[in-house]
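Working through the structure, step by step
Residues per chain are reported as follows:
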Amino acid sequence: MMITHRITSESTRSTQKGAALVIALILLTIITLLSISAMQSSILNTRIATNHQFKEMSFQAAENALAKVTAPNPEVQVPNVGATIATPNPNYFDSDDENNLNQTPRLRANLNMGYVCHIGQGQSLPDSDCASSVLISGFPPDSGYISYLPTATGYVGGAITHAQSTTRSQVVQMTQ
């Protein structure tokens, strides 16, 4: 009986072909491919979120430059009355200058002041170059004004990503 038992055991071993090993390797390969795909998707989503954040930060830098223009006593170079070319104010806003520290990423904005039109004191609206371009209410009738169109371009610079946004607003300087 011992001989029969040995023969049966040896014949059972010879019929096994390693199917469990092959199935395990196939499952391991599938899991690895799914993991790599999920990792690549995560990296792409992080890049998208970073780009969106930098775009928002560049917009805020441009908006901050425009807010500085409308502040009392802004330090800005304006074009002469009737000028056809905008006056540049490079690096009008710079986060490093504002905070006296090296901020990462650095926020900065350039500002171009464009002349729109002018009404002199006592001049009527139809006699000026503002007749079709500017509507202003709430100023004294004998006042004059100069209208400008500041265009701010905000920048965010990083080692990997760079973003920029442009915004503009109309600014009126009252003259009396």
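So, how was this worked out
Residues numbered from 1 in each chain as written. Predicted model: local features only at pLDDT ≥ 70, side-chain atom pairs only at ≥ 80, totals over all residues. Heavy atoms only, no water. Helix = DSSP H or I, 4+ residues; strand = E, 2+ residues; numbered from the N terminus. Contact = heavy atoms within 4.5 Å. Areas by Shrake-Rupley, 256 points an atom, 1.4 Å probe, with all protein chains shown as cover. Patch = residues over 30% accessible without salt bridge, like charges linked within 9 Å, V, L, I, M, F, W, Y side chains within 5 Å. Salt bridge = Lys/Arg side-chain N within 4 Å of Asp/Glu carboxyl O. Buried < 20%, exposed > 50% of the residue type's maximum accessible area, 1.4 Å probe, protein only. Pairing = 2+ DSSP bridges. Phe/Tyr/Trp six-rings, centres within 6.5 Å; stacked < 30°, edge-to-face > 60°. Lys NZ or Arg CZ within 6 Å of the ring centre and 35° of its normal. Expected span 1.5 Å × (residues − 1).

With that out of the way, let us pick up the overall build of the protein chain. When helices and strands are counted, the protein chain shows 3 helices and 5 strands. The secondary structure elements of the protein chain, listed N-terminal to C-terminal, are α-α-β-α-β-β-β-β. Considering only residue pairs separated by 6 or more positions, the protein chain has 61% of its internal contacts joining residues 24 or more positions apart. Surface summary for the protein chain: the accessible area is close to 12300 Å², and the carbon and sulfur share equals 57%.

Together, Val22, Ile23, Ile26, Leu27, Ile30 and Leu34 line one region of the surface with nonpolar side chains, adding up to about 580 Å² of accessible area. Along the chain, the position of Ile30 falls in helix H2 (residues 19–69). Judged by relative accessible area, which is 43%, Ile30 ranks as partly exposed.

Glancing now at the pairing of strand S2 (residues 106–119). In this structure, strand S1 (residues 87–94) lies alongside S2, joined through 5 bridges in antiparallel fashion. If you follow Asn89 over to S2, its bridge partner there is Leu111. With 13 bridges joining them, S2 and strand S3 (residues 144–157) adopt antiparallel strand pairing. Counterpart to Asn112 in the pairing with S3 is Thr151.

Here the structure, examined in full by the defined rule, presents 0 aromatic pairs. The ring of Tyr92 is capped by Lys68, whose NZ or CZ atom sits 5.1 Å from the centre of that ring. Over the aromatic face of Tyr155 sits the side chain of Arg108, whose NZ or CZ is 4.5 Å from the ring centroid.

The terminal C-alpha atoms of H2, which comprises 51 residues, lie 76 Å apart, in line with the 75 Å expected from a rise of 1.5 Å per residue. Burial in H2 covers these residues: Phe54, Met57, Ser58, Ala61, Ala62, Ala65, Leu66 and Val69. Where H2 is buried, its residues meet S1, S2, S3, strand S4 (162–168) and strand S5 (171–175).

So yeah, pure geometry; function would need other evidence.
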